[in-house]
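# Overview (structure and organization)
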Amino acid sequence: MRILLGVTGGIAAYKAVLLLRLLREQGHAVRVIPTRAALEFVGVPTFEALSGEPVSTEVFDDVPGVQHVALGKGADLVIVAPATADFMARAVAGLADDLLTTTLLAARCPVVFAPAMHTEMWDHPATRANVTTLRERGVHVIEPASGRLTGVDTGPGRLPEPEDIAREALSLVQPSLVGRPLVEPVETPEPRDLAGRRVVISAGGTREPIDPVRFIGNRSSGRQGVALAQAAAARGADVTLVAANLAADVTDQVIAGPQPCSVVRVESTAELRDAVRAAGADADVIMMAAAVADFRPAATPDAKIKKVPGQGPAPIVLVENPDILAELAHERLRAGQVVVGFAAETGDESGSVLDHGRTKARRKGADLIAVNAVGAGRGFGTEGNEVTILDGTGDVVGQASGSKREVADALWDAVAKLLP
Ligand code: CTP
């Protein structure tokens, strides 16, 4: 289905990003049309990266394509989320001073508005009258949720959760979707080649405490590990995700994911090691996708370290952490267990990304190592990934690039070949 996602300028615009992702995961083509004000909250690159489509706010972009008419006419569904009070007033007045308002005038498909604003604005007679008019004209205006608003205030006016907006909006065009899990794959079914297998995946980045309030951490978001967990679960595996400090939107993904996974939350390398070893004792596969700190502060005082006037900073003495992957690979908690690691490399004067990956594959002793280039906007926190899969001797046995889910599936393909 071709969906236009209008985003207007409210703090809830960040939730439009999650909505966009949900709709894309369901296989829909989504074109985002933000207002100028929406771009104060979320940038064009985010919308373009997640939708894979160009994003513009103006009618004067791509004039030969007459996109202000073409977009509206070609859409199967228009969703505006969040819809601010100002935007609804403009829609009622039939204004056409940007790409979103012109597109709405040209659209002949179902149109859904998900309002978000403070309770006073939602209750104001002007907004009430605008909502009534919009509904009379056939716009489906979703009731806002009640709850915590931007500040400390609470009440009706909160943008409903992305899953609820998507479900309600899609039900207007696909009645069969009501009540079905939203992110159920609509394309070809996944292979069930991991059915009955127990897998443990570590994801995210560990934090090593310096004192009760400070830590040494890294930039890993956990996106690749979560994609691995979701791919494995979709292929029938019984998955335990050991999650170290995932980014907020990634945590949402775990919660909203279509497949159930057991999640064990950890912070430090010591906690991660204990959790992986406990869950891994009877696992068929252990996959170490977490970015694990190599070192930790030697001592962690119970009280916050204070600055002493006139004295410089006290040095932080570091000690080496155990190499969890190497331990698991050499020890094998269970006979026949497949152990997989990642090698996050930047390459330097002593060798390329792949050279370092090969050395690491031989040193760690894992069955497979997925080598990926990180740094300078690559790898950590990004949407896509590119990996070369090596065996324990450093030979290339696979290559994958694309979304983190596509990379995950390529890795599971390689793992499945090693399972008895
Ligand atoms: N790893 C681990 N325990 C550690 C460090 C890393 O289990 N103490 C795992 C990671 O989860 C990953 C693999 O080892 O699967 C490689 O991690 P990486 O950070 O690339 O390598 P390091 O071993 O830390 O080596 P270096 O920092 O020298 O690149």
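Further up the page is the structure itself.
In every chain, residue numbers begin from 1 and rise along the written sequence. This being a predicted model, a pLDDT of at least 70 is required before a residue's local features are given, and a value of 80 or more before pairs of side-chain atoms are given or counted; all residues contribute to the totals for chains, interfaces and linings. No hydrogens and no water enter the side-chain calculation; it runs on all heavy atoms of the structure.

### Here we look at helix α2 (residues 44-51)
- For every residue, the accessible area (1.4 Å probe, protein chains only) is compared with the maximum for its type, and the residue is labelled buried under 20%, exposed over 50%, or partly exposed between those bounds. What counts as a helix is a DSSP run of H or I of at least four residues, what counts as a strand is a run of E of at least two, and both are numbered from the N terminus. Among the residues of α2, Phe47, Leu50 and Ser51 are the ones counted as buried. On an axial view of α2, the arc spanned by its buried residues comes to 90 degrees, and they lie on one face. Those residues of α2 that are exposed and angled more than 90 degrees off the buried face are Pro45 and Ala49.
- The criterion used for residue contact is that any of the two residues' heavy atoms lie within 4.5 Å. Tucked into the core, α2 has its buried residues touching β1 (2-7), α1 (13-25) and β2 (29-34).
- Just past α2, the residue glycine 52 takes up positive phi, approximately 70 degrees. Here, the arc refers to the directions that run from the helix axis to the C-beta atoms.

### Overview of the site of the ligand
- Nearness here has a simple test: a residue counts as near a molecule or strand if at least one of its heavy atoms is within 4 Å of that partner. Around the ligand, the structure places 16 residues, and the nearest of them are Met288, Ala290, Asp294, Lys360 and Lys364.
- For this analysis, a polar contact is any N or O atom pair within 3.5 Å, provided that within protein one partner can donate a hydrogen and the other can accept it, and provided that sequence-adjacent residues contribute only side-chain to side-chain pairs. At a separation of 3.1 Å, a nitrogen atom of the ligand approaches a polar backbone atom of isoleucine 324.
- Take lysine 364: an N or O atom from its side chain is 2.5 Å from an oxygen atom of the ligand.
- Using a 1.4 Å probe, accessible areas were evaluated by the Shrake-Rupley method; residue-level cover was limited to the displayed protein chains. The protein chains hide 80% of the 570 Å² of surface that the ligand would expose on its own.
- For the shell around the ligand, the leading source of residues is strand β16 (residues 338-345), giving four residues.
- All amino acids are sorted into three groups, where Ala, Val, Leu, Ile, Met, Phe, Trp, Tyr, Cys and Pro are nonpolar, Asp, Glu, Lys and Arg are charged, and the leftover types, Gly among them, are polar. Classifying every residue of the shell around the ligand by side-chain character gives 10 nonpolar, one polar and five charged.

### A short note on the sheet that holds β1
- Only strands joined by at least two bridges in the DSSP assignment are considered to pair. Ordered in space as β2-β1-β3-β4-β5, the five strands form an open sheet in which the pairing is parallel. Looking at which strands have only one partner, the edges of the open sheet turn out to be β2 and β5 (140-141).
- By the bridge criterion, two bridges tie strand β4 (residues 111-115) to β5 in an arrangement that is parallel. Bridging across to β5, phenylalanine 113 finds its partner in valine 141.

### Some words on the environment of aspartate 164
- Structurally, aspartate 164 can be placed in helix α8 (residues 162-173).
- Between the alpha carbons of aspartate 164 and isoleucine 142 there is a distance of 9.7 Å; along the sequence they are 22 residues apart.

### Brief notes about the pairing of β4
- Counting buried positions along β4 yields five of five residues, so the element is predominantly enclosed.
- Burial of the side chains of β4 extends over both faces: Val111, Phe113 and Pro115 are buried on one face and Val112 and Ala114 on the other.
- Examined bridge by bridge, strand β3 (residues 77-83) and β4 share four bridges and lie parallel to one another. Of the residues in β4, the one forming a bridge with alanine 83 is proline 115.

### Topic: the nonpolar core
- In this structure, Ile201, Leu228, Trp412 and Val415 are the most contacted members of the largest nonpolar core, which totals 36 residues.
- Those elements giving two or more residues to this core turn out to be β8 (198-204), α9 (223-234), β11 (238-244), β13 (285-288), β16, β17 (368-373), β18 (384-391) and α14 (404-418).
- Beyond its immediate stretch of four places on either side in the chain, valine 415 contacts Val285, Met287, Val338, Val340 and Leu368.
- Residues grouped as a nonpolar core are buried Ala, Val, Leu, Ile, Met, Phe, Trp, Tyr and Cys residues, joined through side-chain atoms within 4.5 Å. Counting residues in hydrophobic clusters, the runner-up holds 29 residues, among them Ala13, Ala16, Ala166 and Leu170.

### Remarks on the environment of serine 171
- Positionally, serine 171 belongs in helix α8.
- There is a polar contact of 2.6 Å between the side chain of serine 171 and the backbone oxygen of glutamate 168.

### A few points about the pairing of β17
- Most of β17 sits out of view: six of its six residues are buried.
- Residues of β17 alternate between two faces, with Leu368, Ala370 and Asn372 on one and Ile369, Val371 and Ala373 on the opposite face, all of them buried.
- Remark: the β16/helix α13 (residues 353-364)/β17 crossover connection has right-handed handedness.
- When β17 meets β18, the two strands line up antiparallel, connected through five bridges. Its bridge partner being in β18, asparagine 372 is matched across the sheet by valine 387. With strands facing away from the observer, any crossover in which the path from the first strand over the helix to the second runs clockwise is taken as right-handed.

### What about the pattern of salt bridges?
- Salt bridges are counted wherever a side-chain nitrogen of Lys or Arg sits within 4 Å of a carboxyl oxygen of Asp or Glu. All told, the structure shown has 22 salt bridges when counted by the stated rule.
- A salt bridge links arginine 90 to aspartate 97; its shortest N-O distance comes to 2.8 Å.
- Take arginine 90: its relative accessible area is 15%, and that puts it in the buried class.
- Of the charged contacts in the structure, one is a salt bridge between arginine 277 and glutamate 327, with a shortest N-O distance of 3.4 Å. Separated by 50 residues along the polypeptide, arginine 277 in helix α11 (residues 269-280) and glutamate 327 in helix α12 (residues 324-331) bring together distant segments of the chain.

### What about the side chain of glutamine 224?
- With respect to the helices and strands, glutamine 224 occurs in helix α9.
- The exposure class assigned to glutamine 224 is buried, which follows from its relative accessible area of 9%.
- A polar contact is formed between the side chain of glutamine 224 and the side chain of asparagine 385, at a distance of 2.9 Å.
- In this view, glutamine 224 contacts Phe342, Asn385, Lys404, Val407 and Ala408; residues no more than four positions away in its chain are not counted.

### Looking at α8
- Helix span, expected: 1.5 Å multiplied by one less than the number of residues in the helix. Look at α8: 17 Å from first C-alpha to last across 12 residues, which is about the 16 Å you get at 1.5 Å a residue.
- Residues Pro162, Ile165, Ala166, Ala169 and Leu170 constitute the buried set of α8. The buried residues of α8 occupy an angular sector of 115 degrees when projected down its axis, which confines them to one face.
- Looking at the packing, one finds that the buried side of α8 touches β1, α1, β3 and β4.

### Examining the packing of α1 against α8
- Between the N-to-C directions of two axes lies an angle of 0 to 180 degrees, each axis being a line fitted to C-alpha atoms and, for a helix, fitted only over the stretch in contact. Orientation of α1 relative to α8, taken along the N-to-C sense of each, is 55 degrees, at an axis distance of 9 Å. Here α8 runs oblique to α1, going by the angle between their axes. Judged by the sense of rotation from one axis to the other, the crossing of α1 with α8 is right-handed. Residues Lys15, Leu18, Leu19, Leu22 and Leu23 of α1 form the contact with α8, whose own contacting residues are Pro162, Glu163, Ile165, Ala166 and Leu170.
- Broken down by class, the residue content of the contact of α1 with α8 amounts to eight nonpolar, no polar and two charged. Small angles under 35 degrees read as roughly parallel and large ones over 145 as roughly antiparallel, with 65 to 115 read as roughly perpendicular and the rest as oblique. Each crossing is labelled by how the near helix is turned from the far one, with a counterclockwise turn of less than a right angle marking it left-handed and a clockwise turn marking it right-handed.

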